[in-house]
Amino acid sequence: ALVSMLVADMWTKVSPESMEASRLEPNVGMHKRSLKCLEAVAERCTKSLESLYVSSFPLGYDWTYKPQRPLKVLGGDASTLQVRREFARLFSVLTQLAVMAGAKVAEIAEAKGDDIDVANKSEDGSTWDPQTLADVETERMIVSVLSKLFPDVCLVGEEGIVPDGSEGDEKFEKEVEDACRELSYSADCNIAPWEVQLPSSVDSESISLKDVTIWIDPLDGTKEFLQGNKNGVTTLIGCCIRGTPWFGVIHVPFSSTGRTVFGGPGLGGNYDFDKSGVMAVARPLPPPRPSQGVAKRIATTRSNPSKELEEALAKLGPIETLKVGGAGSKVLMVLDGAADAYIFPFGNATKRWDTAAGEALLLGAGGALVKASDGSSYSYEATVDPWNTEGLVATIHELGLVSSSFGWPQLGKQ
């Protein structure tokens, strides 16, 4: 669908002369990205489709699990153009806002150092659920900006911040105004309407930003942050349409490269850029190839170890356990091929704001994030209990192994 829309909507009227004439226009970045990638897309598309199952699954492999997310997309007809424009603008803003939020986290961390304010969010005080000044102030900024630019979307953040108008806080008001101005100016330069994919399960004439819930985790990996393991910190923003993750952003504020990964079904794939580049010419992030090793590499919690966890993972057979902090970091390991799966089989560790962005990106890579109990999907409607009460499995190539190991219902063959 993406290739057909690209050809039909863009390239029929594009020539070297027209591109030279419009090289200073706002969409020049998308032209550059398309020019850079079109030849590779054309060359690899047929080969990839033909070899997809051969390369992904060994000959004779009995695939017993079929993900249940309805991910068919609407065609690129003119009736959806205005809706696509709105979502293109939203996706662009979310990506750039995650980078801004990460910069704010880093700024607060540098200013406060070891003296940063910390509170325990645990309702009864029996567990340690830290909340820092960086969590609160960064979510406050994200929520304030989004509520001004997209008043119709529903915002759900880990810290529970609601727009308060910030009357009297002139410094913060200026920060929000400056961010809104910068994001509004650049929003049309990064993602074009023809790049946007909409769910076919919704009526294109009725879908709007009112159908969107955005799950926000301004500082995923707070425990890692406080322990000095800042490489485990990410900023997560997940955009869901009627309960299904459709676009996600994971930004790594303390990495040496300032990495940002964005995409999902809403873009037909994922992209990757760092602080040395710009979003408009982000690199495609292809799914990793299946692991060839006998022992599967399983990323799991570092902060919640237990004998029960070890026993559950042992059902998978030979594995190499990778104990890593932060849900966003573990999802990135799966996307990069550094882990075959991210698994936590119990329901006391993550919430929807930890997984919305990651699930969207995994879906964009052809993978899934599902309940560890039975392989079904979580809903991301704003009204749900945010706890992922039945654990999680996040993977691109190993759902079949996990399904047979954990005894999921057989939901058909793929």
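For the structure, check the block above.
Residues numbered from 1 in each chain as written. Predicted model: local features only at pLDDT ≥ 70, side-chain atom pairs only at ≥ 80, totals over all residues. Heavy atoms only, no water.

What to know about the pattern of salt bridges
Two side chains carrying opposite charge are able to pair once their charged atoms lie near each other.
For step 1, the next point in the chain: Counted by the stated rule, this structure contains 13 salt bridges.
For step 2, the next point in the chain: Residue aspartate 178 pairs with arginine 181 through a salt bridge whose shortest N-O separation is 2.9 Å. In this pair, aspartate 178 and arginine 181 both sit in helix H6 (residues 170–186), three residues apart, roughly one turn of the helix.
For step 3, the next point in the chain: Since its relative accessible area comes to 29%, aspartate 178 is described here as partly exposed.
For step 4, the next point in the chain: Looking at arginine 181, the relative accessible area reads 53%, which means it is exposed.
For step 5, the next point in the chain: Here lysine 371 makes a salt bridge to glutamate 390, at a shortest N to O gap of 3.5 Å. (Salt bridge = Lys/Arg side-chain N within 4 Å of Asp/Glu carboxyl O. Helix = DSSP H or I, 4+ residues; strand = E, 2+ residues; numbered from the N terminus. Buried < 20%, exposed > 50% of the residue type's maximum accessible area, 1.4 Å probe, protein only.)

Section: the environment of leucine 361
For step 1, the next point in the chain: Relative to the helices and strands, leucine 361 is located in helix H10 (residues 352–364).
For step 2, the next point in the chain: Along the primary structure leucine 361 and asparagine 270 are separated by 91 residues, whereas in three dimensions their C-alpha atoms are 6.5 Å apart.
For step 3, the next point in the chain: In contact with leucine 361, other than residues within four places in its own chain, are Gly248, Ile250, Val261, Phe262, Gly263, Gly264, Asn270 and Leu335. (Contact = heavy atoms within 4.5 Å.)

Here we look at the nonpolar core
For step 1, the next point in the chain: Counting residues in each nonpolar core, the largest one holds 45 residues, and the members touching the most others are Phe87, Leu90 and Phe262.
For step 2, the next point in the chain: For this core, the secondary-structure elements that each account for two or more residues are helix H4 (81–112), helix H5 (133–149), H6, strand E4 (212–220), strand E5 (234–241), strand E6 (244–251) and strand E8 (269–273).
For step 3, the next point in the chain: Sort the elements by how many residues they give to this core and H4 lands first, with eleven residues.
For step 4, the next point in the chain: Setting aside residues up to four positions removed in sequence, leucine 90 forms contacts with Phe150, Leu209, Val212, Ile214 and Cys239.
For step 5, the next point in the chain: Trp215, Cys240, Ala356 and Ala394 belong to the second-largest nonpolar core, a separate cluster that totals 31 residues. (Core = buried A, V, L, I, M, F, W, Y, C linked by side-chain atoms within 4.5 Å.)

Re helix H11 (residues 399–406)
Along an α-helix, a turn takes 3.6 residues, which lines up residues three or four apart on a common side.
For step 1, the next point in the chain: In terms of burial, H11 is a largely internal element, seven of the eight residues being buried.
For step 2, the next point in the chain: The set of residues buried in H11 consists of Leu399, Gly400, Leu401, Val402, Ser403, Ser405 and Phe406.
For step 3, the next point in the chain: Of the surrounding elements, those touching the buried residues of H11 are strand E10 (296–301), helix H8 (307–314), strand E12 (341–344), strand E13 (368–370) and strand E14 (392–395).
For step 4, the next point in the chain: Positive backbone phi, at 75°, marks glycine 407, one or two positions downstream of H11.

A look at the packing of aromatic side chains
Centre distance and the angle of the planes are the two values used to describe a pair of aromatic rings.
For step 1, the next point in the chain: One pass over the structure, following the stated rule, counts nine aromatic pairs.
For step 2, the next point in the chain: On the numbers, 6.1 Å between centres and 35° between planes, the contact of phenylalanine 225 with phenylalanine 254 is tilted. Linking phenylalanine 225 in helix H7 (residues 222–226) with phenylalanine 254 in the loop between E6 and strand E7 (260–264), this pair joins segments that are 29 residues apart in sequence.
For step 3, the next point in the chain: When the centroid spacing of 5.7 Å and the interplanar angle of 90° are considered together, the rings of phenylalanine 344 and phenylalanine 346 count as edge-to-face.
For step 4, the next point in the chain: Classification of phenylalanine 344 by relative accessible area gives buried; the value is 4%.
For step 5, the next point in the chain: Here the aromatic cluster, defined as three or more aromatic residues joined through ring pairs, consists of Phe87, Phe91, Phe247, Phe262, Tyr271 and Phe273.
For step 6, the next point in the chain: Over the ring of phenylalanine 172 we find arginine 140, and its NZ or CZ is 3.8 Å from the ring centre.
For step 7, the next point in the chain: Its guanidinium or amino end placed over the ring of tyrosine 380, arginine 352 lies 5.7 Å from that ring's centre, counting from NZ or CZ. (Phe/Tyr/Trp six-rings, centres within 6.5 Å; stacked < 30°, edge-to-face > 60°. Lys NZ or Arg CZ within 6 Å of the ring centre and 35° of its normal.)

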